[in-house]
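Reading the structure
Below are the chains, spelled out letter by letter.
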Amino acid sequence: MELTGLFFYAVSLLILGGIYAILCLALNVQWGMGGLFNAGIAGFYGVGAYTSAILTTAASSKHLGGFGLPVPIGLIGAAILAGLAGWAVAKICVRLKSDYLAMASIGIAEILRLVIVNESWLTNGSLGLSRIPRPLADLTTGRMGDIVFLGFVWFVVLLVYLAASRLHDSPWGRSLRAIRDNEASAAAVGKNVEKFRIQTFVIGCAIMGIAGLSAHYFRFLSPRPDPLVMLMAGGSGNNRGAILGALTIWTLWSVTEIFTNRLPPEWATRSSFIRMLLVGLLLQVVLQRFRSGLLPEKSPPVKFRQE
């Protein structure tokens, strides 16, 4: 029984690690490749989660829904709606510099959160949505559903990783990194800086919407580590570093729960803050020993055509 419990604990760890990996890949497109500091991740992630849930749940008198669509269709809808939200925000805020963009994106995320909480006809308010289906739920029973969901999550991670890697190595990705490193020089050679920034913001937000597949697993009610911290630890600008950082920080966060739960009662109430402290200390160690993260960014080789 102990081995079975450890196995399904590892399954749960990898499921949530995969969801965080998708968020880190999205953030890597925006910040690692484009230099856009989006601090409103939770807002676009929430848009994706609620969109996918609404599209896939059965009819209910408490919230909008009843479409009963397959989960993959729900995730496509989540990506589209989160991308549209990102486009609307980018049209307003993308000209702002890093600090001001971060503050503006936090404000946008708070607006989205208030809409989710207060529009009960749409989302059932603070009570949330229930009976959200899982992919292939009809083919599995009991704990096997977690294993199937694990495979589904990492299949999505693979697709997002391949798409992000293709973007990173493409001429579009090279232009984006040129804008990130020296905006004035990129504009001087004819690159439309604002257009690239908007495209980057929209693509990143769409991927954040896909991470809303966590709605088909369970919703979070306690503090969680920030995907920005995960990306910094893994290596900004490197898609493999984004996945490694997500798995490393989430594993630390999850495993420390086992130890903090054994603390005396007077310390148990502070367990979340202790775990945050441990994540912060790990990040300090990583940044001191590996200034560019565990897997630093590497530019793809330039290929010249021979005529």
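Shown above is the structure to which this text applies.
Presented here is a report on the structure given in the accompanying data block. The shown structure was predicted, so the numbers you read here are calculated from the model rather than taken from an experiment.

What counts as what
All residue numbers here refer to positions counted from 1 along the written sequence of the relevant chain. This being a predicted model, a pLDDT of at least 70 is required before a residue's local features are given, and a value of 80 or more before pairs of side-chain atoms are given or counted; all residues contribute to the totals for chains, interfaces and linings. The basis for every side-chain value is the complete set of non-hydrogen atoms in the structure, without hydrogens or water. Helix and strand definitions follow DSSP, with helices as H or I runs of at least four residues and strands as E runs of at least two, each counted in order from the N terminus. Each residue's exposure class comes from its accessible area (1.4 Å probe, protein chains only) as a fraction of the maximum for that residue type: buried when under 20%, exposed when over 50%, partly exposed otherwise. By definition in these notes, contact holds between two residues if any of their heavy atoms fall within 4.5 Å. Shrake-Rupley sampling with a 1.4 Å probe provides the accessible areas, and residues are treated as covered by the protein chains on show and by no other component. One side-chain nitrogen of Lys or Arg within 4 Å of one carboxyl oxygen of Asp or Glu is enough to make a salt bridge. By convention, a stacked pair of Phe, Tyr or Trp rings (six-membered ring in the case of Trp) has centres within 6.5 Å and planes under 30 degrees apart, an edge-to-face pair has planes over 60 apart, and any other such pair is tilted. Only when the NZ of Lys or the CZ of Arg is both within 6 Å of the ring centre and within 35 degrees of the ring normal is a charge said to sit over the ring. Axis angles are defined between N-to-C directions and span 0 to 180 degrees, where every axis is a line fitted to C-alpha atoms and, for a helix, only to the segment in contact. Roughly parallel covers angles under 35 degrees, roughly antiparallel covers those over 145, roughly perpendicular covers 65 to 115, and oblique covers all other angles. By the convention adopted, Pro, Cys, Tyr, Trp, Phe, Met, Ile, Leu, Val and Ala count as nonpolar, Lys, Arg, Asp and Glu as charged, and the other residues, Gly among them, as polar. Each helix crossing is assigned a hand: it is left-handed if the near helix lies turned anticlockwise from the far helix by less than a right angle, otherwise right-handed if that turn is clockwise. Each helix should span, by expectation, one fewer than its residue count multiplied by 1.5 Å. Residues belong to a common nonpolar core when they are buried Ala, Val, Leu, Ile, Met, Phe, Trp, Tyr or Cys residues joined through side-chain atoms within 4.5 Å. Surface patches are defined over residues having more than 30% relative accessible area and no salt bridge, joining like charges when they lie within 9 Å and nonpolar side chains (Val, Leu, Ile, Met, Phe, Trp, Tyr) when within 5 Å. Here the bend at a residue is taken as the angle between two axes, fitted respectively to the seven residues that end there and the seven that start there.

**What about the overall build of the protein chain?**
A tally of regular secondary structure across the protein chain gives 13 helices and zero strands. Here the protein chain, with 307 residues, has 46% of them falling under the buried criterion. In the protein chain, 77% of the contacts between residues at least 6 apart in sequence involve partners at least 24 apart. A total accessible area of about 16400 Å² is found for the protein chain, and carbon and sulfur atoms account for 65% of it.

**Structural notes on the pattern of salt bridges**
With the rule as written, the count across this model stands at three salt bridges. The closest approach of N and O atoms between Arg 180 and Asp 181, which form a salt bridge, is 3.0 Å. Take Arg 180: its relative accessible area is 25%, and that puts it in the partly exposed class.

**Describing the packing of aromatic side chains**
A complete count under the given rule lists six aromatic pairs for this structure. Across the ring face of Phe 149, the terminal group of Arg 134 is positioned such that the distance to the ring centre comes to 5.3 Å.

**Points about the packing of helix 6 (residues 144-169) against helix 7 (residues 171-181)**
At a minimum axis distance of 4 Å, the contact between helix 6 and helix 7 shows a crossing angle of 70°. In this view, helix 6 runs roughly perpendicular relative to helix 7, as classed from their interaxial angle. Contacts between helix 6 and helix 7 involve Leu 167, His 168 and Asp 169 from the former and Pro 171, Trp 172, Gly 173, Arg 174 and Arg 177 from the latter. Residues belonging to the contact of helix 6 with helix 7 are distributed by class as follows: three nonpolar, two polar and three charged.

**Quick notes on the packing of helix 2 (residues 41-56) against helix 3 (residues 71-93)**
At a minimum axis separation of 8 Å, helix 2 and helix 3 run at an interaxial angle of 145°. Read as a crossing pair, helix 2 and helix 3 show a hand that is right-handed. Taken together, the residues of helix 3 that come into contact with helix 2 (itself represented by Phe 44, Val 47, Gly 48, Thr 51, Ser 52, Leu 55 and Thr 56) are Val 71, Ile 73, Gly 74, Leu 75, Gly 77, Ala 78, Leu 81, Ala 82, Ala 85, Gly 86 and Val 89. Residue composition of the contact of helix 2 with helix 3, grouped by class: eleven nonpolar, seven polar and no charged.

**Some points on helix 6**
In a regular helix each residue adds 1.5 Å, so 26 residues correspond to 38 Å; helix 6 covers 38 Å between its end C-alpha atoms and thus fits that length. Inspection of helix 6 places Gly 145, Asp 146, Phe 149, Leu 150, Phe 152, Val 153, Val 156, Val 157, Val 160, Ala 164, Ser 165 and His 168 among the buried residues, and these make up the whole buried set. For helix 6, the elements touching its buried residues are helix 1 (2-33), helix 3, helix 7, helix 9 (193-210) and helix 11 (239-260).

**Quick look at the side chain of Asn 38**
Topologically, Asn 38 is positioned in the loop between helix 1 and helix 2. Here Asn 38 falls in the buried class, since its relative accessible area comes to 2%. The residues touching Asn 38, leaving out its near neighbours within four places in the chain, are Leu 27, Gln 30, Phe 44, Ser 105, Phe 201, Cys 205 and Met 208.

**A word on the nonpolar core**
Ile 15, Ile 19, Phe 44 and Leu 213 are the most contacted members of the largest nonpolar core, which has 65 residues in total. Here the element with the most residues in this core is helix 1; it accounts for 15 residues. One finds Tyr 50, Ile 54, Ile 116 and Ile 132 within the second-largest nonpolar core, a separate group that totals eight residues.

**Side note on a nonpolar patch on the surface**
Where nonpolar side chains cluster on the molecular surface, the patch consists of Leu 64, Phe 67, Leu 69, Ile 73, Ile 76, Ile 80, Leu 81, Leu 84 and Trp 121 and spans about 860 Å² of accessible area. If you tally residues by element for the nonpolar patch, the top one is helix 3, at five residues. You can see Trp 121 is positioned in helix 5 (residues 120-123). On the basis of relative accessible area, Trp 121 is assigned to the exposed category, the value being 56%.

**Focus: the environment of Met 230**
Summarising the element assignment, Met 230 is placed in helix 10 (residues 227-234). Its relative accessible area of 0% is what places Met 230 among the buried residues.

**Let's talk about helix 1**
An ideal rise of 1.5 Å per residue puts 46 Å on 32 residues; helix 1 measures up with 44 Å between its terminal C-alpha atoms. Along helix 1, the sharpest kink reaches roughly 35°, centred on Leu 27. Just beyond helix 1, the residue with positive phi is Gly 35, at close to 70°.

**A closer look at the environment of Phe 67**
Within the secondary structure, Phe 67 is located in the loop between helix 2 and helix 3. Taking the C-alpha atoms as reference points, Phe 67 and Ala 53, separated by 14 residues in sequence, lie 9.9 Å from one another. If near-sequence neighbours (up to four positions away) are discounted, Phe 67 is found in contact with Ile 54, Leu 55 and Thr 57.

**Structural notes on the environment of Ala 246**
Assignment of secondary structure puts Ala 246 in helix 11. Of the residues examined, Ala 246 reaches a relative accessible area of 0% and is grouped as buried. In this structure the C-alpha to C-alpha distance between Ala 246 and Leu 16, which are 230 residues apart in sequence, comes to 9.3 Å. When near neighbours in sequence (up to four residues on either side) are disregarded, Ala 246 contacts Gly 17, Tyr 20, Ala 21, Cys 24 and Met 230.

These values are about where atoms sit, not about what they do.
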